[in-house]
Amino acid sequence: MYFDILTLRVLAEGQRHGYEIKKSVERILGGRSINNNVLYPALRRFEEQGAIERVAAEADPGRPPRNVYRLTDTGHDLLQAMIRDADPALLADDNEFHTRVAFFADLDADERLRIIQGRRRIVESSIAHLAAMRPEAAATQPWGVRVTDFTLGQKRQELGWLDDLALAADTVR
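Every chain begins its residue count from 1, and numbering advances along the sequence as written. Residues qualify for local features only when their pLDDT is at least 70, as the model is predicted, and side-chain atom pairs are given and counted only at 80 or more; totals for whole chains, interfaces and linings, by contrast, use all residues. Where side-chain values are given, they derive from all heavy atoms of the structure, hydrogens and water being excluded.

1. Section: the packing of helix 7 (residues 109-140) against helix 8 (residues 142-169)
- One way to put it is that helix 7 packs onto helix 8 with a least axis distance of 9 Å and a crossing angle of 160°. If you check the angle between helix 7 and helix 8, you find them roughly antiparallel. Handedness of the crossing formed by helix 7 with helix 8: left-handed. A fitted line through C-alpha atoms serves as each axis, taken over the contacting stretch for helices, and the angle formed by two N-to-C directions is quoted from 0 to 180°. Helical segments are the DSSP runs of H or I of at least four residues, strand segments are the runs of E of at least two, and each set is numbered from the N terminus. Between 65 and 115 degrees an angle is taken as roughly perpendicular, under 35 as roughly parallel, over 145 as roughly antiparallel, and anywhere else as oblique. Should the near helix be turned counterclockwise from the far one by less than a right angle, the crossing is left-handed, whereas a clockwise turn marks it as right-handed.

And the structure:
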């Protein structure tokens, strides 16, 4: 779903044609390539939902016309609903969670805190699971315990980051 959020968020900044949307999303994702077989079906789906609409077709000499899309009011509402979505299955995914945090300015403080608290529960559960597995890994998998310790460190560090986010949730727009 984070790809959908990014796609609609790019259109929230202004109308664009498909290639511009693709390049903007790829830039946000650090240059990771987006397949046209992902982008254009998503645009068709959003158009069918009334979230976006075609406003023009640009034609460069010698090239087929490009459809230009804009976000509708329905699209703005859908984007906000997707950013607000705190389903634990989504918040467990780093890309999903980070995308929501990136657009926290679009949410109010209570919504931000609800998402942070949902992620905190997931991270705390992961820490408990890893800590419970560590003795077995230490006894049987010397390399596995290295991975476990590294991951525990990351998860504990994330708890500190979540604390920072929670403190900022009320004050930073």
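On we go.
2. Side note on the packing of aromatic side chains
- Classification of ring pairs rests on two measures: the distance between centres of Phe, Tyr or Trp rings, Trp counted by its six-membered ring, which must be within 6.5 Å, and the angle between planes, read as stacked under 30 degrees, edge-to-face over 60 and tilted in between. Applying the stated criterion across every chain yields a total of one aromatic pair.
- Between F97 and W161, the aromatic rings sit 5.9 Å apart at their centres with planes inclined by 90°, giving edge-to-face as the arrangement. Linking F97 in helix 6 (residues 94-102) with W161 in helix 8, this pair joins segments that are 64 residues apart in sequence.
- Geometrically, a lysine NZ or arginine CZ counts as sitting over a ring once it is within 6 Å of the ring centre and also within 35 degrees of the ring normal. Against the face of F46 rests R45, its NZ or CZ located 4.9 Å from the ring centre.

3. Examining the environment of N35
- Note on placement: N35 falls in the loop between helix 2 (18-28) and helix 3 (36-49).
- Relative accessibility decides the category of a residue: with a 1.4 Å probe and only protein chains considered, values under 20% of the type maximum give buried, values over 50% give exposed, and everything between is partly exposed. In this structure N35 comes out as partly exposed when scored by relative accessible area, which is 43%.
- Measuring from C-alpha to C-alpha, the distance between N35 and L167 comes to 38 Å, with 132 residues separating the pair along the chain.

4. Side note on the pattern of salt bridges
- Put simply, a salt bridge is a Lys or Arg side-chain nitrogen that is within 4 Å of an Asp or Glu carboxyl oxygen. Counted by the stated rule, this structure contains 13 salt bridges.
- In this structure, the salt-bridge partner of E96 is R100, at a minimum N-O distance of 2.8 Å. Residue E96 and its partner R100 are located together in helix 6, separated by four residues, close to a single helical turn.
- Under the relative-accessibility criterion, E96 is labelled buried at 6%.
- Among the residues examined, R100 registers a relative accessible area of 0% and is labelled buried.
- Here R120 and D163 are joined by a salt bridge, their closest N and O atoms 2.1 Å apart. Here R120 is found in helix 7, whereas its partner D163 is found in helix 8, with 43 residues between them in sequence.

5. Things to note about the confidence of the model for the chain
- A score from 0 to 100, pLDDT tells how confident the predictor is in each residue. Of all residues in the chain, 98% have pLDDT values of 70 or greater, and the mean over the chain is 92.
- For the chain, strand 2 (residues 52-58) is the element with the lowest average pLDDT, namely 84, and helix 4 (residues 73-84) is the one with the highest, namely 96.

6. Section: the packing of helix 1 (residues 2-12) against helix 2
- Viewed as axis vectors pointing N to C, helix 1 and helix 2 meet at an angle of 120°, and their least axial separation amounts to 10 Å. If you check the angle between helix 1 and helix 2, you find them oblique. The handedness of the crossing between helix 1 and helix 2 is right-handed. In this structure, helix 1 uses F3, L6, T7, V10 and L11 to contact helix 2, whose residues at the interface are I21, S24, V25 and I28.
- The residue classification treats Ala, Val, Leu, Ile, Met, Phe, Trp, Tyr, Cys and Pro as nonpolar and Asp, Glu, Lys and Arg as charged. All others, Gly included, are polar. Here the residues of the contact of helix 1 with helix 2 are counted per class, giving seven nonpolar, two polar and no charged. What makes two residues a contact is simply this: any of their non-hydrogen atoms within 4.5 Å.

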